[in-house]
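Observations on the three-dimensional arrangement
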Amino acid sequence: MSGPPSEMRPMRIIVCIKQVPKAQELQVDPVTQTLKRVGVPSEINPPDANALEIALRLKDHHAAEVVVLSMGPTSFDESLERAVAMGADRSVLLTDRILGGSDTVPTAYALSETIQKIGGYDLILTGEETTDASTGHVGPGIAGHLDLPQITYVSEVRIVDGTIRARRTAEDGTEWWQTNMPSLCTVNFGCNKPRSPTLTGKIRVKRGGVIVHWSCADVGIDPKKVGLLNSPTIVAKVDTIRLPPRAGRIFSGDSKESVRALLDALIRDRVVAL
Amino acid sequence: MTDGYGLEDKSHFRGVWVFLEGRAGGLRDVSTQLIGEGRRLADLRGTPLTGILPGHGVDALAERAIGYGLDRVIVVDDPMLEIYRSRPYAQVMAQLIRRQKPEIVLFGASKNGRDLGGRLHAILETGLAADCVKFDIDAEGNLDMIRPSFGGKSLAHILCKKHRPQMASVRRNVFVAPPHNPDRRGEIVHEQVELSPQDLDAKLLEFDEFTKEGGLRPEEADIVVSGGFGLGDPKNFQLLQDLADRLGGAIAASRKAVDSGWVPKTLQVGQTGMTVRPKLYIAVGISGAVQHLAGMQESDKILVINIDPKAPLFEIADYGIVGDLFEVLPEMIRQLDALKGGGVAGPPALPAEAR
């Protein structure tokens, strides 16, 4: 593990991102009961884009190299290229068929191994959760694997005297935490406005060489610890029923009467207590 | 750090555990709610229900927790556990689980509960299902962990068949807390867990508590009154605030209202804003774009007030009023005041702009 970055060496920030189907395009394949990913418009998981923006802001103010890491099929190149066009220095895609169907345990393991292969990291950033699976387990899982300090649900990260300071949204208030480097932060969805790709960034992407593809063998990932069969959890079935139907009691007409009827209903149903 | 522990012979694992979180001298809502569901699962499995309470000086809280239906509480008392920190808490849970081998471990899906569960499941290499809304026991005795998936469009049944313990998190207000029985007897067990100063790898520099005064946060509120483009003017948010005050709720807004510069971004509900899940979400003058739905569709009850009967949000409404919000809101406020016995004299003044 690396210590705090010296004056000589730029800080290395690794941002873990996932490519997800755009929120309004989520479709379930009726046969496999998994998320349809082919032919559906994708984007960088929005909280991961917020994490990337935090990394790029740190890079704006400190000597830092931003490395973007993802795990998935080569179609994820699209998001890695976008990340580089936004200002990341380079990217790594861990891509291997044997990773297919991994739940959060092998995912955190495989990403941790890949982070160690990248090496020399001072800060790891992830989104607080993905918009497609919504577990929020992978970031803390990586910190657990790598035995790093973790600060979850952060909206702001500062580097002060070679330490990380992060503002965390906790259950009852806002906290400022300090840790040594390296450490891992997960970033709040919507805490900033991710920048757009720049012309210079797009040119760098066009020139090529901004993405490397690694297989599990390249990284030294144990095949017996990844993939569907080595995941502790399975999705036994998916009930395709939508959310429970809502009562839909709609009042109209004279507002005095409709408000009275509404409040009666709300109080009777114990939705509102006076 | 990981050791493949979770794959040990699962027949050695027995009992249901609930991770307990304290708050201002009591238990968090989500913890008492978990005890209720944990009790049901423990009874189904014919095993004891144990609460896990790391902290410092928490014996009185442990005593109180038993009254919600626990058989025993394991207290780990250490000054290093006075406030929640990921690493020492994960160490405590990992060591206790290795020692005592529970079959099921439940966490509240609070910020700290998720922080802890995510770290712990990687250390123990066992399954963790997030944000479960229902549990069953399947024919083989596995915990069937049911959670919304794919953006809330369906429910997935998650099983963790080979690894133990089976772990899951549950959001606040999914289960109902059992009544507290002060006469209930249970055992309080003090366990020692080895911690070193190096485990304190994060330092809390500052804490600003969210204050209820004038700023109850929408994520925290049981009732959220949210305004959209239909409000027409930032001044009219005062009407929402007046209603929210009477209901003990918080105000929020749609993206259109935020983008119009009427209210700060911190109040925005939806895909690019916050997700709220109150007991009652009141949408005023919000038509209901898919992006807005993403931030509020898991609310327990939804009340829609809109002048347009074709507003898409009516499709997911539990209650609705088709009408002019500038008539409906003042009328609601007036009738609420009357029902409460009239703390406020006369109906609230309607903003001149609204007439």
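Quick summary incoming for the structure in this document. (Residues numbered from 1 in each chain as written. Chains lettered and ligands numbered in written order. Predicted model: local features only at pLDDT ≥ 70, side-chain atom pairs only at ≥ 80, totals over all residues. Heavy atoms only, no water.)

**A closer look at unusual backbone geometry**
Residues and elements named next belong to chain A. At the junction of Met181 and Pro182, the peptide bond is cis and its omega measures out at 0° in the coordinates. Take Pro182: it is sitting in the loop between strand S9 (173–180) and strand S10 (183–187). A positive phi angle, close to 55°, is found at Ser134, a residue other than glycine. Judged by its relative accessible area of 19%, Ser134 falls in the buried class. A positive phi angle, close to 55°, is found at Tyr153, a residue other than glycine. Relative to the assigned elements, Tyr153 resides in strand S7 (residues 150–160). By relative accessible area, Tyr153 is classed as buried at 3%. (Helix = DSSP H or I, 4+ residues; strand = E, 2+ residues; numbered from the N terminus. Buried < 20%, exposed > 50% of the residue type's maximum accessible area, 1.4 Å probe, protein only.)

**Notes on the pattern of salt bridges**
Inspection of every chain in the model, using the stated rule, returns 35 salt bridges over all chains. Across the pair Glu21 of chain B and Arg28 of chain B runs a salt bridge whose closest N-O atoms are separated by 3.6 Å. Owing to a relative accessible area of 7%, Glu21 of chain B belongs among the buried residues under this scheme. The buried category is assigned to Arg28 of chain B, whose relative accessible area is 13%. The partner of Asp71 of chain B in a salt bridge is Arg39 of chain B, and the shortest N-O contact between them spans 3.0 Å. Within this pair, whereas Asp71 of chain B is found in the loop between helix H2 (59–66) and strand S5 (72–77), its partner Arg39 of chain B is found in helix H1 (residues 29–45), the two being separated by 32 residues in sequence. Each of Asp172 of chain A together with Glu21, Arg23, Arg28 and Glu209 of chain B takes part in a single network of salt bridges with overlapping partners. (Salt bridge = Lys/Arg side-chain N within 4 Å of Asp/Glu carboxyl O.)

**Observations regarding the packing of aromatic side chains**
Residue and element names in this part refer to chain B. Scanning all chains against the criterion turns up five aromatic pairs over all chains. Both rings, one in Phe19 and one in Phe107, keep their centres 5.9 Å apart while their planes meet at 45°; by these two values the pair is tilted. You can see Phe19 sitting in strand S1 (residues 16–19) and its partner Phe107 sitting in strand S6 (residues 104–108), a full 88 residues away along the chain. As far as burial versus exposure is concerned, Phe19 and Phe107 are alike and both buried. On the basis of an interplanar angle of 5° and a centroid distance of 5.6 Å, the ring pair of Phe229 and Trp262 is categorised as stacked. Residue Phe229 is located in the loop between strand S14 (223–227) and helix H5 (237–247), and its partner Trp262 is located in the loop between helix H6 (255–259) and strand S16 (280–284); the two are separated by 33 residues in the primary sequence. (Phe/Tyr/Trp six-rings, centres within 6.5 Å; stacked < 30°, edge-to-face > 60°.)

**Side note on the environment of Asp201 of chain B**
You can see Asp201 of chain B is positioned in the loop between strand S12 (187–190) and strand S13 (202–209). For the pair formed by Asp201 of chain B and Leu243 of chain B, sequence separation is 42 residues and the distance between their alpha carbons is 45 Å. Residues contacting Asp201 of chain B, with those up to four places away along its chain left out, are Leu148, Pro149, Gln178, Thr179 and Asn180 of chain A together with Arg87 of chain B. Within the structure, Asp201 of chain B has its side chain in polar contact with the side chain of Arg87 of chain B (distance 2.7 Å). (Contact = heavy atoms within 4.5 Å. Polar contact = N/O pair within 3.5 Å; in protein donor to acceptor, adjacent residues only side chain to side chain.)

**Observations concerning the interface of chain A and chain B**
Between chain A and chain B, the residue contacts involve 80 residues of the former and 87 residues of the latter. When the two sides are added together, the surface that chain A and chain B hide from each other amounts to roughly 7200 Å², 57% of it contributed by carbon and sulfur. The largest share of the area that chain A buries against chain B comes from Glu171, Asp172 and Arg246 of chain A, three residues that together contribute 11% of it. Where chain A touches chain B, the interface holds seven salt bridges. The partner of Asp115 of chain B in a salt bridge is Arg168 of chain A, and the shortest N-O contact between them spans 3.9 Å. Looking at the side of chain A that touches chain B, the elements that each hand over two or more residues are helix H3 (104–118), helix H4 (138–146), S7, strand S8 (163–169), S9, strand S12 (234–239), strand S13 (249–252) and helix H7 (255–268) of chain A. Element by element, the count of residues in the side of chain A that touches chain B is highest for H7 of chain A, at ten residues. Of the residues that constitute the side of chain A that touches chain B, the class distribution is 36 nonpolar, 27 polar and 17 charged. (Buried area = accessible area lost by both parts, 1.4 Å probe. Nonpolar A, V, L, I, M, F, W, Y, C, P; charged D, E, K, R; others polar.)

**Some remarks on the state of the cysteines**
A full pass over the atoms with the stated rule returns zero disulfides over all chains. Sulfur of Cys191 of chain A: no disulfide; nearest cysteine sulfur belongs to Cys185 of chain A and is 11 Å away. Cys160 of chain B takes part in no disulfide bond, and the closest cysteine sulfur to it belongs to Cys132 of chain B, at a distance of 11 Å. (Disulfide = S-S within 2.5 Å.)

**A few points about the packing of helix H3 (residues 86–100) of chain B against helix H4 (residues 111–124) of chain B**
All names here are of chain B. Interhelical geometry of H3 versus H4 gives an angle of 50° and a closest axis separation of 9 Å. Taken together, the axes of H3 and H4 lie oblique to each other. At the point where H3 passes H4, the crossing takes the right-handed sense. Packed against H3, whose contacting residues are Ser86, Arg87, Tyr89, Ala90, Met93, Ala94, Ile97 and Arg98, the element H4 presents Asp115, Leu116, Arg119, Leu120, Ile123 and Leu124 at the interface. (Axes fitted to C-alpha atoms, helices over the stretch in contact; angles between N-to-C directions. Parallel < 35°, antiparallel > 145°, perpendicular 65-115°, else oblique. Left-handed = near helix turned anticlockwise from the far one by under 90°.)

**Considering the side chain of Asp103 of chain A**
Take Asp103 of chain A: it is sitting in the loop between strand S5 (90–94) and H3. Here Asp103 of chain A sits buried without a salt bridge, and the closest side chain of opposite charge, Arg147 of chain B, lies 11 Å off (N-O distance). Contacts of Asp103 of chain A, omitting those with residues within four sequence positions, involve Ser231, Pro232 and Thr233 of chain A. (Lys, Arg positive; Asp, Glu negative; His and termini not counted.)

**Re the nonpolar core**
All names here are of chain A. Of all hydrophobic cores here, the largest spans 39 residues; its most connected members are Ile13, Val15, Leu52, Leu125, Val157 and Cys185. Ranked by the residues each element gives to this core, the list is headed by helix H1 (residues 46–61), at seven residues. Setting aside anything within four residues of it in sequence, one finds Leu52 in contact with Val15, Val66, Val68, Ala83, Met86 and Ala88. (Core = buried A, V, L, I, M, F, W, Y, C linked by side-chain atoms within 4.5 Å.)

**Topic: the sheet that holds strand S11 (residues 166–170) of chain B**
Residues and elements named next belong to chain B. Taken together, seven strands build an open sheet; the order of strands is S7-S11-S6-S1-S4-S5-S12 and the sheet is parallel. Of all the strands in the sheet, just strand S7 (128–132) and S12 have a single pairing partner and so form its edges. Neighbour to neighbour, the strand axes of the sheet diverge by 25° on average, direction disregarded. In the sheet, S1 pairs with strand S4 (residues 49–55) via four bridges, with the strands oriented parallel. Looking across to S4, one finds that Trp17 is bridged to Thr50. (Pairing = 2+ DSSP bridges.)

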